[in-house]
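Here is how the chains run, residue by residue.
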Amino acid sequence: MAESAEPRSLAVFGSTGSVGRSTLDLVAQSNGDFQVDVLTAHRSVSELAEQARRHGCNLAVIAEPELYGDLKDALAGEPIEVAAGAEALVEAAERASDLVMAAIVGAAGLPATMAAVRRGATIALANKETLICAGPLVMEAVSRHGATFLPVDSEHNAIFQVLEDKQIDCVDRIVLTASGGPFRTMAQDDMEAVTPAQAVAHPNWSMGAKISVDSATMMNKGLEIIEAHHLFGLPNEQIDVVVHPQSIIHSLVAYKDGSMLAQLGVPDMRVPIAYALSWPQRMATNIPQLDLVEVATLTFEPPDMGRFPALRLAREALSGGGGAPTVLNAANEVAVAAFLEGGIGFLDICRTIERALERFDGSVLGGLEDVLALDADARRFATETLSNGSGGLVRAVAQ
Ligand code: NAD
Ligand code: MG
């Protein structure tokens, strides 16, 4: 970016996560384009304090209120304000930072992202669950308050790079690419017994644990269909999914005239993050260039809807509308956490979600309070379904 420009102030929500760390790596590479205003984390006090010191931020927020004292001690003597708790996260999002990176994982990111939206902020949006659990309300607030979303999710970032606003009526469909995850070729019977370690070992991308499991079930692609629907205003039927195991083409737009435009790059989240950080310009980075000759072959196949029911569940939730996507997201978060803790089997994740969708079928959403209430109810239902073992969902890890 232009060297003479004033540094832009940046707030990174979820700075200790995979996307948060990559964001700070790019900030360090940018030669002073950014002044870090806010950093936040859930429980990682020492990493947050280290980042706060290294980047000289103004405010560090730890979401877990009981860790306030620890963070205060870790930053003693530094000219850095310290805060803790859910309200402090919202207040941090209300500050006038030029750019907000929303990289908290899960619906936990919703209140801060909404607070940034309400002040008309420019928001680099990684936290897709915000759009799954409250998409219509969030997008309505974006347009009412003149906020700007810059998609960080690599597929949506790719589409954002190749979709001209003024050509939206010329779009035939968008095509989200999916790696297929670590179990792309595994027989369904074998999937029953996969371990959390196998599920988080993604073949191409290095990511946080929750999204890695989502990629393994392909719920990640299901969530991304809903995310794309809200970000680009396209219906379910105009959002295709194609499995592309090399993860080089990050997504495509197919226009009515027969042209398809794609964005390509190495599978490194710093590429889409860099675009969001420097938009509408581009920044230089030390990320290796894509070597097409070395890649040599790009392949494509249809997703297997039988082995990966998550795609069907997400499409049904999107077309069902109302509270269905909220329920889908909440049940998925609970089930993925239970799987990661070893309490349930891999295939139980989608079974739990399906039950929750049946249980809350027909729920409607008014305002944000309805979203939060339904999110809590669906979490309670999913937790009970898992812990009382009804229908044999609970399995011993070692079985
Ligand atoms: P992660 O688990 O690595 O990091 C999550 C961050 O959020 C951490 O800083 C953590 O401290 C914070 N956090 C977690 N729970 C919180 C809570 N209850 N309250 C406040 N803060 C909390 O996650 P990630 O992989 O970096 O993903 C972040 C978001 O970006 C997710 O929504 C994910 O779907 C999306 N995303 C990630 C990638 C990726 O490559 N990692 C790619 C595309 C989209
Ligand atoms: Mg993605």
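In the block above lies the structure referred to throughout.
Okay, so let's go over this structure.

## A short note on the coordination of the magnesium ion (ligand 2)
Then, number 1: Taken together, Asp-153 (OD), Glu-155 (OE) and Glu-224 (OE) make up the full set of protein donors to the magnesium ion (ligand 2), lying 2.1 to 2.2 Å away.
Then, number 2: Within one chain, the residues donating to the magnesium ion (ligand 2) are spaced in sequence as D-x1-E-x68-E. Glu-155 shares its class with Asp-153; the two are buried.

## Some remarks on the nonpolar core
Side chains of a nonpolar character, in soluble globular proteins, are inclined to be buried together.
Then, number 1: In this structure, Phe-13, Phe-149, Ile-174, Leu-328, Phe-346 and Ile-349 are the most contacted members of the largest nonpolar core, which totals 92 residues.
Then, number 2: Among the elements that take part in this core, helix α15 (residues 324-340) stands out by supplying 10 residues, more than any other.
Then, number 3: The residues touching Phe-149, leaving out its near neighbours within four places in the chain, are Thr-113, Val-117, Ile-123, Leu-125, Leu-131, Val-138, Met-139, Val-142 and Leu-231.
Then, number 4: Leu-10, Val-36, Leu-71 and Leu-277 belong to the second largest nonpolar core, which has 38 residues in total.

## Some thoughts on unusual backbone geometry
Then, number 1: At the junction of Trp-279 and Pro-280, the peptide bond is cis and its omega measures out at 5 degrees in the coordinates.
Then, number 2: Note that Pro-280 resides in the loop between α12 (270-278) and α13 (292-295).
Then, number 3: The phi dihedral of Asn-31 is positive, around 50 degrees, even though this residue is not glycine.
Then, number 4: Mapped onto the elements, Asn-31 comes out in the loop between α1 (18-29) and β2 (34-41).
Then, number 5: Even without glycine at this site, Ser-247 takes up a positive phi of about 50 degrees.

## Digging into the site of ligand 1
Then, number 1: Taken together, 23 residues surround ligand 1, and among them Thr-16, Ser-18, His-42, Glu-129 and Gly-208 come closest.
Then, number 2: Within the side chain of Glu-129, a nitrogen or oxygen atom sits 2.6 Å from an oxygen atom of ligand 1.
Then, number 3: Mapped by element, the contributors of at least two residues to the shell around ligand 1 are α1 and α6 (128-145).
Then, number 4: Split by residue class, the shell around ligand 1 holds 12 nonpolar, eight polar and three charged.

## Side note on the sheet that holds strand β8 (residues 171-178)
Then, number 1: Taken in spatial order, the four strands make up an open sheet running β9-β8-β10-β11, and their pairing is mixed. Here the strands that pair on one side only, and so sit at the sheet edges, are β9 (239-243) and β11 (260-264). The mean angle between the axes of side-by-side strands here comes to 20 degrees, regardless of whether they run parallel or antiparallel.
Then, number 2: Set on the sheet, helix α11 (residues 219-232) makes contact with β8 and β9; between it and β8 the angle comes to about 145 degrees.

## A few points about the sheet that holds strand β3 (residues 59-62)
Then, number 1: Spatial strand order, β4-β3-β2-β1-β5-β6-β7: seven strands in an open sheet with parallel pairing. With partners counted over all chains shown, the strands left at the sheet margins are β4 (81-84) and β7 (148-151), one partner each. Neighbouring strand axes in the sheet, compared pairwise and without regard to direction, differ in orientation by 20 degrees on average.
Then, number 2: Summarising the sheet, β3 and β4 pair through four bridges and their orientation is parallel. Looking at β4, one finds that Ala-60 is bridged to Val-82.

## Examining the state of the cysteines
Then, number 1: As enumerated under the stated definition, the model contains zero disulfides in all.
Then, number 2: Cysteine Cys-133 is unpaired, with the sulfur of Cys-350 as its nearest cysteine sulfur at 18 Å.

## Describing the pattern of salt bridges
Working definition: two side chains of opposite charge can pair if their charged atoms are close together.
Then, number 1: Here the structure, examined in full by the defined rule, presents 25 salt bridges.
Then, number 2: The salt bridge partner of Asp-268 is Arg-270, with a shortest N-O separation of 2.8 Å.
Then, number 3: Judged by relative accessible area, Arg-270 falls into the buried class, the value being 17%.

## Notes on the environment of Val-194
Then, number 1: Locating Val-194 in the fold gives a position in the loop between α8 (188-191) and α9 (196-200).
Then, number 2: Assessed through its relative accessible area of 6%, Val-194 is described here as buried.
Then, number 3: On a C-alpha basis, the gap between Val-194 and Gly-345 in space is 7.5 Å, while along the polypeptide they are 151 residues apart.

## Notes on helix α16 (residues 348-359)
Then, number 1: Here α16 contains 12 residues, and its C-alpha end-to-end distance of 16 Å stays within 8% of the 16 Å for a straight helix at 1.5 Å per residue.
Then, number 2: Every buried residue belonging to α16 is among Asp-348, Ile-349, Cys-350, Thr-352, Ile-353, Ala-356 and Leu-357, and all of these are buried.

## Topic: the pairing of β3
Then, number 1: Both faces of β3 are covered, namely the face carrying Leu-59 and Val-61 and the face carrying Ala-60 and Ile-62.
Then, number 2: Pairing analysis gives four bridges linking β2 to β3, with the strands arranged parallel. Across the sheet, the residue bridging to Leu-39 is Ala-60, located in β3.
Then, number 3: In this fold, the crossover linking β2 to β3 by way of helix α2 (residues 45-55) has right-handed handedness.

## Considerations on the side chain of Asn-127
Then, number 1: The topology assignment puts Asn-127 in the loop between β6 (122-125) and α6.
Then, number 2: Since its relative accessible area comes to 1%, Asn-127 is described here as buried.
Then, number 3: A polar side-chain atom of Asn-127 sits 3.0 Å from a polar atom in the side chain of Glu-129.
Then, number 4: Here Thr-130 takes part through its side chain, which lies 2.5 Å from a polar atom of the side chain of Asn-127.

What counts and what doesn't
- Residues numbered from 1 in each chain as written.
- Chains lettered and ligands numbered in written order.
- Predicted model: local features only at pLDDT ≥ 70, side-chain atom pairs only at ≥ 80, totals over all residues.
- Heavy atoms only, no water.
- Donors = N, O, S within 2.8 Å, 3.2 Å for Na, K, Ca; no water.
- Buried < 20%, exposed > 50% of the residue type's maximum accessible area, 1.4 Å probe, protein only.
- Core = buried A, V, L, I, M, F, W, Y, C linked by side-chain atoms within 4.5 Å.
- Helix = DSSP H or I, 4+ residues; strand = E, 2+ residues; numbered from the N terminus.
- Contact = heavy atoms within 4.5 Å.
- Near = heavy atom within 4 Å.
- Polar contact = N/O pair within 3.5 Å; in protein donor to acceptor, adjacent residues only side chain to side chain.
- Nonpolar A, V, L, I, M, F, W, Y, C, P; charged D, E, K, R; others polar.
- Pairing = 2+ DSSP bridges.
- Axes fitted to C-alpha atoms, helices over the stretch in contact; angles between N-to-C directions.
- Disulfide = S-S within 2.5 Å.
- Salt bridge = Lys/Arg side-chain N within 4 Å of Asp/Glu carboxyl O.
- Expected span 1.5 Å × (residues − 1).
- Right-handed = clockwise from strand over helix to strand, strands pointing away.

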